[in-house]
Amino acid sequence: FPSHDTKPALWKRFIWRIFGVHFYMEDIKKLSLYHYTLYQNTSNIIKNTQKLELFLDERRQDIQQQKKIKIYLGQPMHEISEKFSLAYIEQYIGRLKPDYYFPHPREKKYPAAGAEIITTFLIFEDYIIQFIKQNPDIAVEVYSFMSTAILNIANISRVSVKYIYEPTLYQLYRNFYDTAGQDFGIELLS
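Scope of this entry: the structure provided in the associated data block. (Residues numbered from 1 in each chain as written. Predicted model: local features only at pLDDT ≥ 70, side-chain atom pairs only at ≥ 80, totals over all residues. Heavy atoms only, no water.)

Before going further, it helps to examine the overall build of the protein chain. When helices and strands are counted, the protein chain shows 7 helices and 8 strands. Considering only intrachain contacts with a sequence separation of at least 6, the fraction spanning at least 24 residues in the protein chain is 55%. Put simply, the protein chain shows about 12,300 Å² of open surface, and 53% of that area lies on carbon and sulfur atoms. (Helix = DSSP H or I, 4+ residues; strand = E, 2+ residues; numbered from the N terminus. Contact = heavy atoms within 4.5 Å. Areas by Shrake-Rupley, 256 points an atom, 1.4 Å probe, with all protein chains shown as cover.)

Here we have 6 strands laid out as an open sheet, ordered S5-S4-S3-S6-S7-S8, and parallel in their pairing. Both edges of this open sheet fall to strand S5 (116-117) and strand S8 (187-189), since each of them pairs with a single strand only. Sheet topology note: the strand S6 (residues 138-144)/strand S7 (residues 159-164) ladder contains 5 bridges and is parallel. The residue bridging Glu 141 from the neighbouring strand is Ser 160, located in S7. In the packing of helix H4 (residues 124-134) onto the sheet, contacts are made with strand S3 (67-73), strand S4 (100-102), S6 and S7, and the angle to S6 comes to roughly 160°. (Pairing = 2+ DSSP bridges. Axes fitted to C-alpha atoms, helices over the stretch in contact; angles between N-to-C directions.)

Tallied over the entire structure, the rule returns 4 salt bridges. One salt bridge in this structure joins Glu 141 and Lys 68, with 3.9 Å as the shortest N-O distance. A residue pair is termed long-range when its members are at least 10 positions apart, and Glu 141 in strand S6 and Lys 68 in strand S3 qualify at 73 residues. In this structure Glu 141 comes out as buried when scored by relative accessible area, which is 14%. In this structure, Glu 166 engages Lys 83 in a salt bridge whose closest nitrogen and oxygen atoms are separated by 3.1 Å. One end of the pair, Glu 166, is in the loop between S7 and helix H6 (167-172); the other, Lys 83, is in the loop between S3 and helix H3 (86-96), with 83 residues separating them in the sequence. (Salt bridge = Lys/Arg side-chain N within 4 Å of Asp/Glu carboxyl O. Buried < 20%, exposed > 50% of the residue type's maximum accessible area, 1.4 Å probe, protein only.)

Next up on the list: the side chain of Ser 147. For Ser 147, the position within the fold is in the loop between S6 and helix H5 (149-153). Not counting chain neighbours up to four residues away, the residues in contact with Ser 147 comprise Leu 73, Gln 75, Tyr 163 and Phe 176.

As a further point, take the nonpolar core. Of all hydrophobic cores here, the largest spans 44 residues; its most connected members are Ile 71, Phe 124, Ile 128, Val 140, Val 142, Ile 153 and Val 159. Per-element tally for this core: the top contributor is H4, with 6 residues. For Ile 128, the contacting residues outside a window of four places in its chain are Ile 71, Val 140, Val 142, Ile 153 and Val 159. (Core = buried A, V, L, I, M, F, W, Y, C linked by side-chain atoms within 4.5 Å.)

Okay, here's the thing in structure tokens:
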């Protein structure tokens with residue numbers, strides 16, 4: 001595969017020029033003073049990055065001394081493999097004893113984990129930010145098998161995030177879990 005740092009073939013540049021594309025990745029990198037990101041200390045298209053905070057919590061109380069709730073962030077696990085039936089997922093979630101279950105939009109059925117189902121039109125990140133604003137004395141623990149949404153909230157104060165270890169998923173997505181642990185400090189629960 002060609003590198004993203006090289007210009008595309010002449011015929012592609014000609015077609016792109018017709019559609020108004022005049023810059024390529026290498027041009028954009030040269031012109032960029034810095035790149036905005038949600039993720040601190042992770043590689044990016046350029047070295048000079050500026051981190052944006054989704055939410056700044058001025059109170060920043062000690063998370064150990066606050067009331068905590070647990071939220072399981074759902075995923076359509078059955079799309080990965082038939083192995084991930086509702087009963088199979090319930091075994092894992094049941095051990096966590098979450099207070100709430102935030103379903104993924106593609107989930108049609110939810111594991112009966114005894115958790116209250118969160119119904120909202122908000123995306124998960126917005127829901128968490130709104131919850132933290134409205135509940136300044138509550139810390140939130142978020143669990144998921146491999147949702148990338150928790151990467152976006154990993155650095156919000158009063159929120160702790162963890163991935164649930166499942167052997168098949170770990171074998172399939174080892175690089176993802178390793179990156180989440182090394183670059184984001186996200187623990188993998190066994």
